[in-house]
Amino acid sequence: ISHAASNLHVSQPNLSAQVKHLESSLGYRIFERSNTGVCLTEQGKLFLDSARIIVSELENIKNVPHFFTDDENNLSIACVFSVVILNRYLHFRHLYPANNSNDLFKETGLRDCIDELVKKKYRLGFIYDFEDHWEKLREMGQRYLLDFEMLVSDIPILAIMSKDHPLARLESVPIQTLAHTPLVAFEYLRDDDWLAQMGMQSPREVLYVHDRGGVLEIITYGYHVGISIGTPFYNVENNALVSIPITGIRKTVNQYWAKPSSYRLSHTEEQFLRFIKKADLSAHNA
């Protein structure tokens, strides 16, 4: 309490009195007090979760003016690291020029991508997640007022490596073989322990990197094998690398798009989503 009072620039007795008044108003204790300090009660943990959402929503209210644009040709996209979405966007803008619009395009981790939508900093989001997480996504959407819709199901997961790597001669790579191989993966895959969910227990060595360029450089060096969803994650021709399907994965991966529930898509955004769905359908049928 003393540290919190110092951070808030109020006196410790004043803050303690405010907390006790709040607990009295709520009808339950937020903190358990002892000679060694305070800790959250079970009710306090739920209170804190809700309080964080309230504080976040207050910030979101301030962001509302920045969420909209007078230019309906504008696209505002946040996605996990995905050369697929990037290529779809570039192809779309080649066919339908922006006409002096200022698009926003950001690649980031899974949680950050969803967070950007919740904070209303971006209007469209594209993510990958395991099929059995759909209920969790739906509950998240209800809680944070987001709409999720599936784009592509059962997406293959690939191993990306130097053509000189010992595994490069295989037609496919068992997931447990990769457990004994130095790996490089995007940092966001670490958050929900994707490797374990894929069926890879206790991998020998994993280097987590935040950006696509860094992952590409590391794989090209030849020592590590990369994990990529759906397609090689690089956007350049690279004859030094090969991509090989990974077998024995426990779960299937789907791609979803998302938006704030209350937001109505512009004509350009609807056009872009139709373009994405048509391109994904063509790729799937091929």
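See the structure shown above.
About the criteria used
- Residues numbered from 1 in each chain as written.
- Predicted model: local features only at pLDDT ≥ 70, side-chain atom pairs only at ≥ 80, totals over all residues.
- Heavy atoms only, no water.
- 1 Å grid on protein atoms, 1.4 Å probe; cavity = no way out; pocket = protein on both sides within 12 Å on 5 of 7 lines; lining within 4 Å.
- Points joined across faces, edges and corners; volume = space filled by probe spheres on them.
- Helix = DSSP H or I, 4+ residues; strand = E, 2+ residues; numbered from the N terminus.
- Nonpolar A, V, L, I, M, F, W, Y, C, P; charged D, E, K, R; others polar.
- Core = buried A, V, L, I, M, F, W, Y, C linked by side-chain atoms within 4.5 Å.
- Buried < 20%, exposed > 50% of the residue type's maximum accessible area, 1.4 Å probe, protein only.
- Contact = heavy atoms within 4.5 Å.
- Salt bridge = Lys/Arg side-chain N within 4 Å of Asp/Glu carboxyl O.

**Section: the layout of surface pockets**
Stage number 1. Approximately 350 Å³ is the volume attributed to the largest pocket.
Stage number 2. For the largest pocket, the lining is made up of 14 residues, of which Arg111, Ile114, Lys136, Met140 and Tyr144 are closest to its centre.
Stage number 3. Sorting elements by how many residues they give to the lining of the largest pocket places helix H6 (residues 134-144) first, with 6 residues.
Stage number 4. Split by residue class, the lining of the largest pocket holds 6 nonpolar, 1 polar and 7 charged.

**Things to note about the nonpolar core**
Stage number 1. Counting 70 residues, the largest nonpolar core has Phe126, Ile127, Leu178 and Phe272 as its most contacted members.
Stage number 2. Each residue touching Phe272, except ones within four places of it in the same chain, is listed here: Leu75, Ile77, Arg88, Tyr89, Phe92, Leu124 and Phe126.

**Considering the pattern of salt bridges**
Stage number 1. Summed over all chains, the structure comprises 12 salt bridges.
Stage number 2. A salt bridge links Lys45 to Glu42, with the shortest nitrogen-to-oxygen separation between them at 3.2 Å. Within this pair, Lys45 and its partner Glu42 are both found in helix H3 (residues 42-67), separated by 3 residues, close to a single helical turn.
Stage number 3. For Lys45, a relative accessible area of 40% puts it in the partly exposed group.
Stage number 4. Looking at Glu42, the relative accessible area reads 55%, which means it is exposed.

**With respect to empty space enclosed by the protein**
Stage number 1. Enumeration over the complete set of coordinates arrives at 1 cavity of 30 Å³ or more.
Stage number 2. Volume-wise, the largest cavity comes out at about 110 Å³.
Stage number 3. Every residue lining the largest cavity is counted, 13 residues in all, and those nearest its centre are Phe81, Phe186, Ser228, Ile229 and Phe233.
Stage number 4. Looking at the lining of the largest cavity, the elements that each hand over two or more residues are helix H4 (83-95), helix H8 (188-191) and strand S11 (225-229).
Stage number 5. Of all the elements, S11 adds the most residues to the lining of the largest cavity, at 3 residues.
Stage number 6. Of the residues belonging to the lining of the largest cavity, the class tally is 10 nonpolar, 3 polar and no charged.

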